[in-house]
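These are the residues of each chain, in order.
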Amino acid sequence: MSKDLMPGPYPRTPEERAAAAKKYNMRVEDYEPYPDDGFGYGDYPKLPNKSFHERDPWYQWDQPDMRHNWGEPMHWDFDMYIRNRVDTSPTPVPWHTMRKHFLIFLSTMLIMFGLGEIFPAYRPVGPKQYPFNDLYLERGGDPNKEPSVVTHYEI
Amino acid sequence: MRRGEGRGEGKAGLRLLSGSGRLRGAGLSKMAAGPPPSASEAYRSNRFVSLPAELDPDTYDASLEKRAADAERLAIRARLKRQYQLQLNNPNPPAIIENPALVRWAYARTQNVYPTFRPTPKTSFLGALFAIGPLVFWIVAFKADRDRKEKLIQEGKYERPFSVF
């Protein structure tokens, strides 16, 4: 493809903007480049951040799996907004409500786990008792000597 | 804002249940604060998801300018579709029908970034933060951890975790 059909630098004059809009197959009023902050966007159009979940599933797209038409300007983050990835379709429950409920649940669980670590509660336990005079032979005791008798009970 | 109102309602409700006529009047007058929020105010548009179409005022905008703009967009779309369908249904179709939008997208994201990049205070700061920051951070973290372990080993206080002895 020729150089003038490829993306270029940020458009400065209205003529450059009109030419860029025509190049990207957009209306001049719709065309809005990314702000010229030196980030490397150039004259690429800034399209609304909507994922492909929101596009009409019943329209005859040229590429039905991507819900995208041939020649239509693609979003900068096109590969993020495909239907396997980020979904920006409106949620039935408002976002702030979901966030509030999630934070309440998470903080409650974390606080309870923290309290359980600070104040552990379990059945009473005692030190472990070993048989055979506290495993005298297994711990390397002399088999010829009599071991001291160890009783773990009191009657 | 919404949360405060909710809690106020709850407290007033409890007061109503517990009882006397004097408290009931006081609770209601403190609560009454104008009409309830509209659905779009209650939904509170955010930057992660879009507004539902029913709450978006653009859906109900039937002005002539909007319809003219929609007609222009439809004309562009129809022209592009015609170009594509002509190539697709050609008796001798080309091997690949290349999509200029796709080519432009790939070019913009790869080869057009360096020519259009410009060092500004913001880009320099972000570049330092994301490129040099993690490197320096991990260097310092690993070095400090190793020095601490070496000191413990020299003092003889370090217990080998997977020792076979």
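What you see is a predicted model; the values in this text were computed from it and never measured.

Outline the nonpolar core, listing residues and values.
Counting residues in hydrophobic clusters, the biggest one holds 18 residues, and the most contacted among them are Tyr31, Tyr44, Met74 and Phe78 of chain A. The leading source of residues in this core is helix H5 (residues 100-110) of chain B, at three residues.

I'd love a proper account of the interface of chain B and chain A, names of residues and values included.
Across the boundary between the two partners, chain B contributes 42 residues, which contact 49 residues of chain A. Around 4,000 Å² of area is buried between chain B and chain A when both sides are counted, 58% of it from carbon and sulfur atoms. Inspection of the chain B/chain A interface yields six salt bridges. The salt bridge partner of Asp37 of chain A is Lys122 of chain B, with a shortest N-O separation of 3.7 Å. At the surface where chain B touches chain A, the tally comes to 24 residue pairs in polar contact (both at pLDDT 80 or more). Tallying contributions element by element places helix H4 (residues 64-88) of chain B first for the side of chain B that touches chain A, with eleven residues. Of the residues contributing to the side of chain B that touches chain A, the split by class is 21 nonpolar, ten polar and eleven charged.

Talk me through helix H1 (residues 14-23) of chain A; I want residue IDs and the actual numbers.
For H1 of chain A, every residue scored as buried is listed here: Ala20, Ala21 and Lys23 of chain A. For H1 of chain A, the angular spread of buried residues about the axis comes to 160°, placing them on one side. In H1 of chain A, the exposed residues that point more than 90 degrees away from the buried face are Pro14, Glu15 and Lys22 of chain A. Buried residues belonging to H1 of chain A abut H5 of chain B.

Tell me about the environment of Pro64 of chain A, and name the residues and values.
All names here are of chain A. Mapped onto the fold, Pro64 is located in the loop between H1 and helix H2 (95-118). Under the relative-accessibility criterion, Pro64 is labelled exposed at 55%. In this structure the C-alpha to C-alpha distance between Pro64 and Gly126, which are 62 residues apart in sequence, comes to 68 Å.

Explain the confidence of the model for chain A residue by residue, including any values.
When pLDDT is averaged along chain A, the result is 91, and 100% of the positions lie at 70 or above. For chain A, the element scoring lowest by mean pLDDT is helix H3 (residues 131-135) of chain A, at 83; H2 of chain A scores highest, at 96.

Before we move on, can you summarise the confidence of the model for chain B with the specific residues and values?
Residue and element names in this part refer to chain B. With 81% of its residues at a pLDDT of 70 or more, chain B has an overall mean of 82. Per-element mean pLDDT across chain B ranges from 43 in helix H1 (residues 2-18) up to 95 in helix H7 (residues 121-155). As a predicted assembly, this complex carries a pTM of 0.73 together with an ipTM value of 0.77.

An account of the packing of aromatic side chains is requested, with residue identities and associated values reported.
Under the defined criterion, the tally for this structure stands at 13 aromatic pairs over all chains. With a centroid separation of 5.1 Å and an interplanar angle of 70°, the aromatic rings of Phe52 of chain A and Phe78 of chain A are classed as edge-to-face. Taken together, the residues span a long stretch of sequence, with Phe52 of chain A in the loop between H1 and H2 and Phe78 of chain A in the loop between H1 and H2 at a distance of 26 residues. One exposure class covers both Phe52 of chain A and Phe78 of chain A, and it is buried. Between Trp95 of chain A and Phe48 of chain B the ring centres are 4.9 Å apart and the planes differ by 25°, which places this aromatic pair in the stacked class.

Rules used throughout
Along every chain, residues carry numbers that run from 1 in the direction the sequence is written. Following the order in which they are written, the chains are lettered starting with A and the ligands numbered starting with 1. Owing to the predicted nature of the model, reporting of local features is limited to residues with pLDDT of at least 70; listing and counting of side-chain atom pairs is limited to 80 or more, with chain, interface and lining totals taken over all residues. Calculated side-chain values reflect all of the structure's heavy atoms, with hydrogen atoms and water omitted. Residue types Ala, Val, Leu, Ile, Met, Phe, Trp, Tyr and Cys, when buried and joined through side-chain atoms within 4.5 Å, form a set referred to as a nonpolar core. The buried label applies to any residue whose accessible area, calculated with a 1.4 Å probe on protein chains only, is under 20% of its type's maximum; exposed applies above 50%, and partly exposed to all values in between. The helix count covers DSSP runs of H or I at least four residues long, the strand count covers runs of E at least two residues long, and both are numbered beginning at the N terminus. Contacts are residue-level and defined by heavy atoms, with any inter-residue pair within 4.5 Å sufficient. Two parts placed together each lose some accessible area under a 1.4 Å probe, and the buried area is that loss summed for both. Here a salt bridge means any side-chain nitrogen of Lys or Arg lying within 4 Å of a carboxyl oxygen belonging to Asp or Glu. Two N or O atoms count as a polar contact when they lie within 3.5 Å, although within protein this holds only if one can serve as hydrogen donor and the other as acceptor, and sequence-adjacent residues are included solely when both atoms are side-chain atoms. Note on residue categories: nonpolar means Ala, Val, Leu, Ile, Met, Phe, Trp, Tyr, Cys or Pro, charged means Asp, Glu, Lys or Arg, and polar means any other residue, Gly included. The directions considered for the arc run from the helix axis to the C-beta atoms. Every residue gets a pLDDT, meaning the predictor's confidence in that residue, from 0 to 100. Note on aromatic contacts: the rings of Phe and Tyr and the six-membered ring of Trp form a pair at centre separations within 6.5 Å, being stacked when their planes are under 30 degrees apart, edge-to-face when over 60 apart, and tilted otherwise.

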